[in-house]
Structure formats: structure tokens, C-alpha cells
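What follows is the residue order along each chain.
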Amino acid sequence: MSENIEHDERTEVSAPEADAAKLGTSRRTIALTLLVLVIVLGVLFGWRALRSGSAQGWQQQDTMVAAMVVEPQDVPVNLEAVGSLSAVREVLLAPEVSGRVSSIRFKAGDYVRSGALLVQLYDGPEQADRKAAKARADFALLQLERSKELAPTGAEPRQLLEERQAQYDQAVAEIAQLDARIRQKQVRAPFSGQIGIREVDPGQYMNAGDPVASLTAMSQLFVDFSLPQQDLGQIKTGQTVRLETDSYPGQTFTGKLTSIEPRIDEGTRNVRLQATLANPAQTLRPGMFVTAYVDLPVQQGAFVLPLTAVQTSAQGESVIVVRGDKASQGGQAEIVPVRTGRRMGDNVVVLSGIKAGDVVVTEGQLRVQPGAPVKVSKLAGAGAK
């Protein structure tokens, strides 16, 4: 009994001590947590302070660029269009009547003179008829000559002279008719030129209109092209037209504007033009694709920049101009909006936004920010040395 009482007393005494131990452990945990937070915050503040100090000590470096000094210049003006060449004289040779080919007197690619016989169809019956007609005409002529001698003397009536004159005229007309039929059996060159690939063989029976070969005079060619109707006021006959073709890179051919179609095409609103150019060396061929340039008066005082100097964005076109007392050597970059016109190869005409003497960045502008310092490493134009 006494042992149980003692055990209960010890249990009652140990419970407060356990609570005190738990409280002490919780306080140590909280203190440790606060210490860790203080250390972390100190490290963060120190890192930010170190970064701010480094940023304040860094200075932006000058960006190296290439530039040019803007200067006015006279530039050629022309209207550009895509065109094609055609022969001034070209025909597809064909017989007028049917017949069998008895002879071919040309080779593909030959140069033939006007009137040259190229193909002969069989004309035996017509030749025989002509000989008979010629004999009748000769006999009619003898009788007519005799009547001309006898009629004035009264030995023959005047009426007989008139009949024999009519008979002779009829015989001559019959010969002319047969000569025309014989000529229809021949295919001759209507003009001088180069003949194309032969499309007929000896002995072949041909119908009227069957193709024999093409004949082309290539000493002179037409250039057919079109321009928008807004350019109509700038063109007139006699203007120079320059031609370029990828068949002969680097070569330029020159002609004259000879025809302007009076009617504007309702579908495209373009005006059709035709120029004529000499082709003595027969370098150009009908059907060739060409680029035509109609030369206009020279544009004076234009500002021309390389295409690389112009930047395009949603806000429009712009260039970077170097500002400063010694802009040709370097300065501050300024973005300037511009309005461009026509292109000339790798260059473009600037209509507004810049003035003479401006230093415009032509290379390296993608690395330049507005207001950033730049240094000109390469300069072109009037300020270059």
C-alpha cells in the first residue's frame, strides 16, 4: 500500500518537468529558424548590393558601324517592264493549192532571198496546157498581123481584124491564167530571211495551207511590253528603250519606242507599248523574254542609299543617323523615319527624312539601340578620306 502511494507521488512530480523540456526544445527550434532567415536575408541583400555596384561601374561601349555621308546626285530615271521579242516580218510558208511535192530547194536554217523558189509541186498538166496556149497565141498573132496589113487596103473587112485582135487577146489571157496556176504550184520566199525547220518531204502530197517551214527576218525586231496607266503621261514615241535578257548577262540592247496602243486594257489598266530595235548580228531571237527600260529625264539632287541602310518595321521605313559634332567619326545613334522611292539595283532613292551631310549607318545597325554611342569604322561619301 505504501509503495503505490510513493509511485503516484513520483509520477505527479515528473509531468511538469516533461512539459518544461518540451517548451525549451520549441524555443530552440524557433531561435534556430530565425537565425537561418537572418543569414539568408543578409546574403540576398549583400548580393544585390554587389550587383548594383557592378552595374554602376560598367560603362556602355561604342558600337562599331559602317556609314556614309549623304550627298545629292543625279540619277537616271526609267520605267521598267517585262516584255517579249517578236519579228517585224515572220510567216509560216504554205502552198496555195494541193499537189505532190516534186522538189525541195532549201535546207533548214538557210538564209534565202526574196522570191527564191523553196518548194515545187508537180505542175506537169499546167505546163502542157501552157504550151498549147502559147501555140494558139502565136497563131492568133500571125493572123492578127496579116489582118493589120490587109484591112487598111480593103482586102479584108474591118470586122475580121477586130475578131482576130480579140482572139489574140484571149490567147494571151489564157497564158497568163496558166502562169498564175503554175505559180500557185510553187512556194517562194515573200521576203529575205532565215528559214526554219523543214516540215515537208519530197513526194509528199500537200493540201492547201499545209505548213512547209517558217521564214523570219531577224534583222529588225519588235519589243512588246506594257506599263501601268499612271505612267502614260511620261512616255511618248521616240524615247529610248533599253533591253536586258538573261541569255546575254551584262549586255544591253537599245531600241526606240515606236507605238503606243490608244486603248487602255480594262482588265489590267495597262497600256500596251511596242519598240523597234535593230538586230544586225541576229543575237536576239523572236520569242525571247526581256526586261525593258524606258529612259526618262535624269532626276537631279536625289539622295541614294544602299538597301542595307533602310530598316523596315510595322511603323514603316527608317534609317539610323549619327548625331554629334564629329558625326563622320562617331556620335549618338538616332532613328529617323524615311520615305523611299524606286530601287536601282542594290540602292534605293530616299524621298524624304534625310538631308545632305547626314551620316547614315549602312552596316551594323542591327546592334545599335536608339541613343547608343556608335563609332564609324568605315565611311563612304564626300566625308570619306
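In the block above lies the structure referred to throughout.
Residues numbered from 1 in each chain as written. Predicted model: local features only at pLDDT ≥ 70, side-chain atom pairs only at ≥ 80, totals over all residues. Heavy atoms only, no water.

**Topic: the overall build of the protein chain**
Part 1 of the reasoning: Counting its regular elements, the protein chain contains three helices and 20 strands.
Part 2 of the reasoning: Looking at the protein chain residue by residue over its 385 residues, the buried ones come to 31%.
Part 3 of the reasoning: A separation of at least 24 residues holds for 75% of the contacts in the protein chain among residues at least 6 apart in sequence.
Part 4 of the reasoning: On the protein chain, roughly 24,100 Å² of surface is accessible, and the fraction owed to carbon and sulfur atoms is 53%. (Helix = DSSP H or I, 4+ residues; strand = E, 2+ residues; numbered from the N terminus. Buried < 20%, exposed > 50% of the residue type's maximum accessible area, 1.4 Å probe, protein only. Contact = heavy atoms within 4.5 Å. Areas by Shrake-Rupley, 256 points an atom, 1.4 Å probe, with all protein chains shown as cover.)

**Observations concerning a nonpolar patch on the surface**
Part 1 of the reasoning: Together, Leu32, Leu35, Val36, Ile39, Val40, Leu41, Val43, Leu44 and Phe45 make up an exposed nonpolar region whose accessible area comes to about 870 Å².
Part 2 of the reasoning: The exposure class of Leu44 is partly exposed, given its relative accessible area of 46%. (Patch = residues over 30% accessible without salt bridge, like charges linked within 9 Å, V, L, I, M, F, W, Y side chains within 5 Å. Salt bridge = Lys/Arg side-chain N within 4 Å of Asp/Glu carboxyl O.)

**Observations regarding the nonpolar core**
Part 1 of the reasoning: Core analysis: the biggest nonpolar cluster contains 24 residues, and Leu85, Phe225, Leu227 and Leu243 have the highest contact counts within it.
Part 2 of the reasoning: Secondary structure elements with two or more residues in this core: β2 (73-93), β9 (213-228), β10 (240-244), β11 (253-264), β12 (270-278) and β13 (289-306).
Part 3 of the reasoning: Among the elements that make up this core, the one with the highest residue count is β2 (five residues).
Part 4 of the reasoning: Setting aside residues up to four positions removed in sequence, Leu227 forms contacts with Leu79, Glu80, Ala81, Ile235, Asn270, Val271, Leu273 and Val294.
Part 5 of the reasoning: Formed by 17 residues, the second largest nonpolar core is a distinct cluster that contains Phe106, Val187, Ala189 and Phe191. (Core = buried A, V, L, I, M, F, W, Y, C linked by side-chain atoms within 4.5 Å.)

**Concerning the packing of aromatic side chains**
Part 1 of the reasoning: Overall, the coordinates contain one aromatic pair when judged by the stated rule.
Part 2 of the reasoning: When the ring of Tyr248 is compared with that of Phe253, the centres are 6.3 Å apart and the planes differ by 75 degrees; the resulting orientation is edge-to-face.
Part 3 of the reasoning: Owing to a relative accessible area of 26%, Tyr248 belongs among the partly exposed residues under this scheme.
Part 4 of the reasoning: In this arrangement the basic side chain of Arg100 is found over the ring face of Tyr122, its NZ or CZ atom lying 5.0 Å from the centre. (Phe/Tyr/Trp six-rings, centres within 6.5 Å; stacked < 30°, edge-to-face > 60°. Lys NZ or Arg CZ within 6 Å of the ring centre and 35° of its normal.)

**Digging into the sheet that holds strand β8 (residues 205-206)**
Part 1 of the reasoning: The antiparallel open sheet is built from four strands, whose spatial order is β6-β5-β3-β8. In this open sheet, the two edge strands, each paired with only one partner strand, are β6 (186-188) and β8.
Part 2 of the reasoning: For strand β5 (residues 117-121) and β6, the ladder comprises three bridges, and the chain directions are antiparallel. Bridge pairing in β6 links Val119 to Val187. (Pairing = 2+ DSSP bridges.)

**With respect to helix α2 (residues 124-150)**
The periodicity of an α-helix, 3.6 residues per turn, causes residues three or four positions apart to be oriented the same way.
Part 1 of the reasoning: With 27 residues, α2 should reach 39 Å at 1.5 Å per residue; the first-to-last C-alpha distance of 40 Å fits that figure.
Part 2 of the reasoning: Looking at α2, one finds that the buried residues are Glu126, Ala133, Ala137, Ala140, Gln143, Leu144 and Ser147.
Part 3 of the reasoning: Its buried side turned inward, α2 meets α3 (158-184). (Expected span 1.5 Å × (residues − 1).)

**With respect to the pairing of strand β1 (residues 63-69)**
Part 1 of the reasoning: Counted residue by residue, β1 has six buried out of seven residues, so it is predominantly covered.
Part 2 of the reasoning: Two elements, β1 and strand β19 (residues 359-363), share four bridges in a ladder whose sense is antiparallel. The partner of Ala66 across the bridge, within β19, is Glu363.

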